[in-house]
Amino acid sequence: NVISFENMRSKLFKDLRSKMSKSRIFLGKNKVMALALGKTEAEEYNTDLFKVGRTLVGNRCLLFSNDGPEILSELFDQYQVEDYARSGIEAVSTVTLNAGPLTTMIHSMVDPLRKLGLQVTLKKGIVCLDQDTNLCVEGQEISPEQAKLLKLFEYKMATFRLTLCAHWSDGEFTNFEMDEDE
């Protein structure tokens, strides 16, 4: 099986691997794994394995399991976890903080918030935002500072997700992606 992953989180991946104790997941260089399977029909180790190698692009890995595609897809659908966005990913929505008191922040957070780019002041011991501020804008890449702010204000924008892309068993290859013709 070839699976793709989004928003990889080591702890979540380890948890999933423990649930699939009889399966093996291989994360590595896609070109090396494809070479091991066979780059062409003439070089392949077994019937149609070169097609599996062709699907190894981007954030993908190999999964060796006795479970069928239906069971794996169901497990992957159940195991989607919301998490905080990291820098470098695209914002899925615009998050705006309105000017005024930031009731979730304590007075000692003024300097760290300023270092992250927020214009805040301390008024009678309450942290106040001086103007409406976009923490991130939909479609734009999240900076390290924005990622820290989103986490501080508890906005989860990333979903750890695995998707079954292709399945090979006993010489039978199935590609689950609609845009491929294999």
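Heads up: these notes are all about the structure in this document. Here the structure is a predicted model, which is why all the values come from computation and not from measurement. (Residues numbered from 1 in each chain as written. Predicted model: local features only at pLDDT ≥ 70, side-chain atom pairs only at ≥ 80, totals over all residues. Heavy atoms only, no water.)

## Observations concerning the environment of D111
The cut-off we apply is this: Secondary structure elements are defined from DSSP: runs of H or I of at least 4 residues count as helices, runs of E of at least 2 residues count as strands, and each element is numbered from the N terminus.
Along the chain, D111 falls in helix α5 (residues 110-115). As for D111 and V32, which are separated by 79 residues in sequence, their C-alpha atoms are 48 Å apart.

## What to know about the packing of aromatic side chains
Here is the rule: Put simply, two rings from Phe, Tyr or Trp (the six-membered ring, in Trp's case) pair if the centres are within 6.5 Å, and we call them stacked under 30 degrees between planes, edge-to-face over 60, tilted for the rest. For every residue, the accessible area (1.4 Å probe, protein chains only) is compared with the maximum for its type, and the residue is labelled buried under 20%, exposed over 50%, or partly exposed between those bounds.
For the structure on display, the rule yields 3 aromatic pairs. With a centroid separation of 5.2 Å and 85° between ring planes, the pair formed by F26 and F64 is classed as edge-to-face. With F26 in strand β2 (residues 24-26) and F64 in strand β3 (residues 60-64), this pair connects stretches of sequence that are 38 residues apart. For F64, a relative accessible area of 45% translates into the label partly exposed. Feature note: the residues F13, Y79 and F160 constitute an aromatic cluster, connected by ring pairs.

## A few points about the pattern of salt bridges
Rules: Within this document, salt bridges are pairs made up of a side-chain nitrogen of Lys or Arg and a carboxyl oxygen of Asp or Glu, the two lying within 4 Å of each other.
All chains considered together, the criterion is met by 5 salt bridges. Across the salt bridge formed by R161 and E6, the nearest N and O atoms sit 3.3 Å from each other. Here R161, found in strand β10 (residues 156-169), pairs with E6, found in strand β1 (residues 2-6); they are 155 residues apart in sequence, far enough to count as distant. Classification of R161 as partly exposed rests on a relative accessible area of 26%. When the shortest N-O distance is used, the salt bridge between D48 and K51 registers 3.7 Å.

## Comments concerning the state of the cysteines
Convention followed: In this description, a disulfide is simply a cysteine sulfur pair whose atoms lie within 2.5 Å.
In total, this model carries 0 disulfides according to the counting rule given. C61 takes part in no disulfide bond, and the closest cysteine sulfur to it belongs to C165, at a distance of 8.9 Å.

## Examining the nonpolar core
When a protein is soluble and globular, its nonpolar side chains tend to lie buried together. Short version of the rule: Think of a nonpolar core as a cluster: buried Ala, Val, Leu, Ile, Met, Phe, Trp, Tyr and Cys residues, connected wherever their side-chain atoms sit within 4.5 Å. Throughout, a residue-residue contact means that at least one pair of heavy atoms, one from each residue, lies within 4.5 Å.
Ranked by internal contacts, the top residues of the largest apolar core, which has 22 residues, are L102, L113, L118, V120, L135, F153 and M157. Mapped onto this core, the elements with two or more residues apiece are β5 (95-97), α5, β8 (126-129), β9 (133-136) and α6 (144-152). Apart from residues lying up to four places away in sequence, V120 is in contact with L102, V110, L113, R114, V127, C128, L129 and D130. One finds L12, I25, F160 and L162 within the second-largest nonpolar core, a separate group that totals 15 residues.

## As for helix α1 (residues 10-19)
What counts is decided by this rule: The directions considered for the arc are those from the helix axis to the C-beta atoms.
The set of residues buried in α1 consists of L12, F13 and L16. Take α1 and look down its axis: the buried residues cluster within an arc of 100°, on one side only. Away from the buried face of α1 by more than 90 degrees, exposed residues S10, K11, K14 and S18 are located.

## Comments concerning the pairing of strand β7 (residues 120-123)
Heads up, the condition is: Note on pairing: DSSP must find at least two bridges between two strands before they are called paired.
Examined bridge by bridge, β7 and β8 share 4 bridges and lie antiparallel to one another. Directly across from T121, in β8, lies its bridge partner C128. Taking the residues between adjacent antiparallel strands as the criterion, β7 and β8 are bridged by 2 residues, where K124 takes a positive phi near 55°.

## Looking at the environment of D170
The topology assignment puts D170 in the loop between β10 and β11 (172-175). Taking relative accessible area as the criterion, D170 reaches 71% and is therefore assigned exposed. Between the C-alpha atom of D170 and that of T47, which follows or precedes it by 123 residues, the distance is 8.0 Å.

## Topic: the sheet that holds β7
Across a sheet, strands are paired by hydrogen bonds formed along the backbone, either parallel or antiparallel in direction. Spatially, the 3 strands line up as an open sheet ordered β6-β8-β7, and their pairing is antiparallel. The sheet is open, and its two borders are formed by β6 (100-101) and β7, each paired with just one other strand.

None of the figures reported here should be taken as evidence of function without further support.
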